[in-house]
Amino acid sequence: MSVYYDNLIERVKKFKEDQKEEFIGLMVDIIDSLKDYVHKGQLNGKKTLAKPNLDKLSYLLTICGKSIYKSAELEYKDVQTEVCLVPGYQEIKRKREALGEDFWYYAETFFSVLESGGWNSNLPSISSLFKELSKIKLSFEQKKRINKLARDIMASLKEVNNELVRDLIEEFNKIKMDNNLTLVQKEHLKTALLELSRTTGRLVQIYGQWTKDGQIIRDNSLKKKIDHLSTLYATFSILRKWL
């Protein structure tokens, strides 16, 4: 498959329906085997060729009108599996560069798991997929499909967004009470928290300046929440371009 992959793509595109069904049947055992190696590689901390080959099969099955996630019944509830099967930011970009207009078929294999929230902990990958989709020609129906997908993803991330905002407001209000802030600092913080439901810009600036000056103690957990919310808003900005 690895050696003749490019030729195989062209051949599979010309398959009749009965040939497609036969091909899908032949691939299921291979998919199950690759899935096991993905698990083992992730658990042992070792890189294997299982994931790249799983991507190749995913694309071939998509040409046949099937999703690798349905055929192989991959369980995205398993965190190890989810981490393995979500392609990284740069990997998605390289796929689009390699596949060109056919990138749609690669991206389409992930739509069902995206809709179910399977990538919600991998925001850079969501951003990358939608950025790369904007670089290929799409039909009206394809754009309509992505519009729905973007709405579904934003809806599934809404509670995460609200929870982060609530947590940060609560923690910074505690910081305000526990530290000797000037009236000016308190006003700046108040403004930043009021803006937090749509942007983290001012809060990022305040946190950076206050920790640098020794006004407050650096808290890695707090910093991660701010960074995650910033990434979330950047992802929302990319998704809104499809609405």
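Bear in mind that the values here come from a model prediction, so they are computed numbers and not experimental data.

A. Spatial organisation of the packing of helix 12 (residues 201–212) against helix 13 (residues 220–240). Viewed as axis vectors pointing N to C, helix 12 and helix 13 meet at an angle of 155°, and their least axial separation amounts to 10 Å. Between helix 12 and helix 13, the interaxial angle falls into the category roughly antiparallel. You can see that helix 12 and helix 13 cross each other, and the crossing is left-handed. In this structure, helix 12 contributes Leu203, Val204 and Tyr207 to the contact, and helix 13 contributes Leu222, Lys223, Ile226 and Ser230. Considered class by class, the residues forming the contact of helix 12 with helix 13 number 5 nonpolar, 1 polar and 1 charged.

B. Molecular detail of the side chain of Glu132. Here Glu132 lies in helix 9 (residues 123–133). Relative accessible area serves as the criterion here: at 4%, Glu132 is assigned to the buried category. Within the structure, the side chain of Glu132 is placed 2.7 Å from the side chain of Arg96, a separation counted as a polar contact. In this structure, Glu132 is in contact with Ile92, Lys93, Arg96 and Phe103, ignoring residues within four places of it in sequence.

C. Quick peek at the packing of aromatic side chains. The final tally for this structure, using the stated rule, is 7 aromatic pairs. Between Phe103 and Tyr106 the ring centres are 5.7 Å apart and the planes differ by 40°, which places this aromatic pair in the tilted class. A residue pair is termed a helical-turn pair when its members lie 3 or 4 positions apart in one helix, as Phe103 and Tyr106 do in helix 7 (residues 103–108) at 3 residues. Tyr106 shares its class with Phe103; the two are buried. An aromatic cluster of three or more residues is present, and its members are Phe103, Tyr106, Phe110 and Trp119.

Cut-offs used in this document
Residues numbered from 1 in each chain as written. Predicted model: local features only at pLDDT ≥ 70, side-chain atom pairs only at ≥ 80, totals over all residues. Heavy atoms only, no water. Axes fitted to C-alpha atoms, helices over the stretch in contact; angles between N-to-C directions. Helix = DSSP H or I, 4+ residues; strand = E, 2+ residues; numbered from the N terminus. Parallel < 35°, antiparallel > 145°, perpendicular 65-115°, else oblique. Left-handed = near helix turned anticlockwise from the far one by under 90°. Contact = heavy atoms within 4.5 Å. Nonpolar A, V, L, I, M, F, W, Y, C, P; charged D, E, K, R; others polar. Buried < 20%, exposed > 50% of the residue type's maximum accessible area, 1.4 Å probe, protein only. Polar contact = N/O pair within 3.5 Å; in protein donor to acceptor, adjacent residues only side chain to side chain. Phe/Tyr/Trp six-rings, centres within 6.5 Å; stacked < 30°, edge-to-face > 60°.

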